[in-house]
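# Fold and geometry: a report
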Amino acid sequence: MAINPNTDFTSGAILTAAQQNRFPRGVMALATSTTSYTLTTTETIATGMTATFTAVASRYYKITYFEPQAQTSTASSNTTLTIRQTNATGTVLNNTIQYKEAATLTQNGMTVISNNTFAAGSVTVVGCAKVSVTTGGPALIRDSTRTAFILVEDIGPA
């Protein structure tokens, strides 16, 4: 993943369009949710975790999907968060798995981050979740002080 860094600036120099285009452009899309979501064994889009933005070819985009509290099954199990392109069956961009051997309930925050380039045009990314066992009511716990989000940031040229 080669990065095309900006040049050093000197006093009195003219800032060109090419140099300006090398700066990160910041937040491109943000979706948030304070509504809890019950996990199933089928990977599905978690409530509110869909973000659409207009991509520019040859630029890197950092996608962050954060769940403040993932409550596991009460059986030995794993919980998976996945960032996908387009929909719940689209291309996997990245994922993270919380594996639990003990048959006890645990609660942890989970984050998955992906850095990607896309073809120019409208791009939709989604945050999906699933659990391997549903014993004990595993869920993504959210409320007004525990907000889940999927964030897309332009971090610069490829």
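Let us look at the structure shown here. In this text the structure is predicted, and so the values were computed from the model without any measurement. (Residues numbered from 1 in each chain as written. Predicted model: local features only at pLDDT ≥ 70, side-chain atom pairs only at ≥ 80, totals over all residues. Heavy atoms only, no water.)

What follows concerns the nonpolar core. Counting 27 residues, the largest nonpolar core has Y65, F118 and V125 as its most contacted members. Listed by contribution, the elements that provide at least two residues to this core are β1 (26-33), β3 (44-55), β4 (59-71), β5 (77-85), β7 (107-116), β8 (121-131) and β10 (148-157). A total of 5 residues in this core trace back to one element, the largest contributor, which is β3. (Core = buried A, V, L, I, M, F, W, Y, C linked by side-chain atoms within 4.5 Å. Buried < 20%, exposed > 50% of the residue type's maximum accessible area, 1.4 Å probe, protein only. Helix = DSSP H or I, 4+ residues; strand = E, 2+ residues; numbered from the N terminus.)

Before going further, it helps to spend a moment on the side chain of S77. Within the fold, S77 resides in strand β5. Residue S77 is classed as buried on the basis of its relative accessible area of 3%. Non-local contacts of S77, meaning those with residues more than four positions away in its chain, are made with Q98, Y99, K100, V131, S132 and V133. (Contact = heavy atoms within 4.5 Å.)

Evaluated as defined, the whole model comprises 4 aromatic pairs. When the centroid spacing of 5.9 Å and the interplanar angle of 75° are considered together, the rings of F53 and F118 count as edge-to-face. Taken together, the positions of F53 in strand β3 and F118 in the loop between β7 and β8 put the pair 65 residues apart, joining distant regions of the chain. F53 sits in the buried class, given a relative accessible area of 3%. What makes F118 buried here is its relative accessible area of 8%. With centroids separated by 6.1 Å and ring planes inclined at 45°, the aromatic side chains of Y61 and F118 adopt a geometry described as tilted. Here Y61, found in strand β4, pairs with F118, found in the loop between β7 and β8; they are 57 residues apart in sequence, far enough to count as distant. Each member of the pair, Y61 as well as F118, carries the same accessibility label: buried. Each residue in the set F53, Y61 and F118 is aromatic and connected to the rest through ring pairs, giving one cluster. (Phe/Tyr/Trp six-rings, centres within 6.5 Å; stacked < 30°, edge-to-face > 60°.)

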